[in-house]
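Below are the chains, spelled out letter by letter.
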Amino acid sequence: MSTTAAMAPEPAALPAENAENKDQPPSTAAVAQSSGKAPKPHYFGHRQRLRERFLKGGSAALAEYELLELLLCMAIPRGDVKPLAKSLIDRFGNLAGVLAASQSELAGCKGIGEATIAALKIAEASAQVLSRERAMALPVIASWEQLIDYCRVRLGHRNTEELHLLFLDRKNRLIADECHQRGTVDHTPVYPREVIKRALELHASALILVHNHPSGDATPSRGDIDMTRKIVDAAKAMEINVHDHIIVSRAGYNSFKTLGLI
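Every value quoted in this text rests on a predicted model; they were computed, and no experiment measured them.

> Looking at this structure, I do not really get the side chain of His164. What am I missing?
One can find His164 in strand E1 (residues 162–168). At a separation of 3.0 Å, a polar atom in the side chain of His164 contacts the side chain of Asp177. Ignoring anything within four residues of it in the chain, the contact list for His164 reads Arg154, Leu155, Asp177, Glu178, Cys179, His180, Ile208, Leu209 and Val210.

What follows is the structure, given as structure tokens:
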């Protein structure tokens, strides 16, 4: 046998992209080399465990950041999303604040891309649709709690003030929910004539005013009270009933009717 034939072939060089393996602890690198597979990350199986806990116990079985993790997993198929979930909760206060954050606010967060923004906004829209359908299932007067839930989901966590008009038919069922005005952090311009004009266009027999206080304090201001009285007077002239004016915030809500202001 010739000397050339007896020589063993040289081992193939490692690809450059695997060069970082040299910085791994010896035991990890050895396992990876012997098995031919990358070592399992520390979060391996975490997503599956979260899903199982959620399916068995519902939302009560998970912390808010864990629910957010599950949402993020839909947009980020690989990697540990727990740090991102916790950072978003820290920035926006809670899960509801994250879902209500604007697209531009979310885009400014490290680790957030278009797919993640879409997943979060889809979750927010789904919550609004669900609460709206519950509010529409019965006459508004008979399903007041569902209506309040809907209003808080819709507006409670907005960072700028908005006035929404809920238009009702003769049976007090919801015809439409429309944003009438958007304002600054603490002010929304309202024009009673436009409110009544829109009610007539929809053939509404009644309406409910809803707006938010981004400050967190749902107490009616003097401006809120004066504006409401003008709309009530204008609506009465057209035989349209204003059932209530509801102010929502992150902390709670107030009803003009309950407070004796309507």
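> How do you make sense of the pairing of strand E4 (residues 241–248) when you look at a structure like this?
Along any regular strand the residues' side chains alternate between the sheet's two faces. Of all eight residues in E4, seven are buried; the element is thus mostly enclosed. Taken together, strand E3 (residues 206–212), helix H11 (residues 222–237) and E4 form a β-α-β motif whose crossover is right-handed. Sheet analysis places E4 next to strand E5 (residues 253–255), joined by three bridges and oriented antiparallel. Paired with Val248 across the two strands is Tyr253, which belongs to E5.

> Can you walk me through the pattern of salt bridges in this structure?
A side chain of one charge can pair with a side chain of the opposite charge if their charged atoms are brought near each other. A full pass over the atoms with the stated rule returns eight salt bridges. Of the charged contacts in the structure, one is a salt bridge between Glu66 and Arg53, with a shortest N-O distance of 3.0 Å. Here Glu66 is found in helix H4 (residues 64–75), whereas its partner Arg53 is found in helix H3 (residues 46–57), with 13 residues between them in sequence. Salt-bridge contacts for Glu162 lead to Arg182; the nearest nitrogen and oxygen are separated by 3.3 Å. Linking Glu162 in strand E1 with Arg182 in strand E2 (residues 174–182), this pair joins segments that are 20 residues apart in sequence. Through salt bridges with shared partners, one network takes in Arg158, Glu162 and Arg182.

> I'm lost on unusual backbone geometry in this one. Help?
With the exception of glycine, the majority of residues adopt a negative phi angle, and the majority of peptide bonds are in the trans configuration. The backbone of Asn172 sits at a positive phi, close to 60°, despite the residue not being glycine. Positionally, Asn172 belongs in the loop between E1 and E2. Overall, the relative accessible area of 19% leaves Asn172 in the buried class. Positive phi outside glycine occurs at His203, with the angle close to 55°. If you trace the backbone, His203 turns up in the loop between helix H10 (192–201) and E3.

> What am I meant to see in the sheet that holds E4 here?
With mixed pairing, five strands are arranged side by side in an open sheet as E2-E1-E3-E4-E5. For this open sheet the edge positions go to E2 and E5, each flanked by a neighbour on one side alone. Put simply, the sheet's adjacent strands are angled 20° from each other on average, direction ignored. Both E3 and E4 contribute to a ladder of seven bridges, which runs parallel. Across the sheet, Val210 pairs through a bridge with Ile246, a residue of E4. With respect to the sheet, helix H9 (residues 144–155) is in contact with E1, E2, E3, E4 and E5, its orientation differing from that of E4 by roughly 50°.

Rules used throughout
- Residues numbered from 1 in each chain as written.
- Predicted model: local features only at pLDDT ≥ 70, side-chain atom pairs only at ≥ 80, totals over all residues.
- Heavy atoms only, no water.
- Helix = DSSP H or I, 4+ residues; strand = E, 2+ residues; numbered from the N terminus.
- Polar contact = N/O pair within 3.5 Å; in protein donor to acceptor, adjacent residues only side chain to side chain.
- Contact = heavy atoms within 4.5 Å.
- Buried < 20%, exposed > 50% of the residue type's maximum accessible area, 1.4 Å probe, protein only.
- Right-handed = clockwise from strand over helix to strand, strands pointing away.
- Pairing = 2+ DSSP bridges.
- Salt bridge = Lys/Arg side-chain N within 4 Å of Asp/Glu carboxyl O.
- Axes fitted to C-alpha atoms, helices over the stretch in contact; angles between N-to-C directions.

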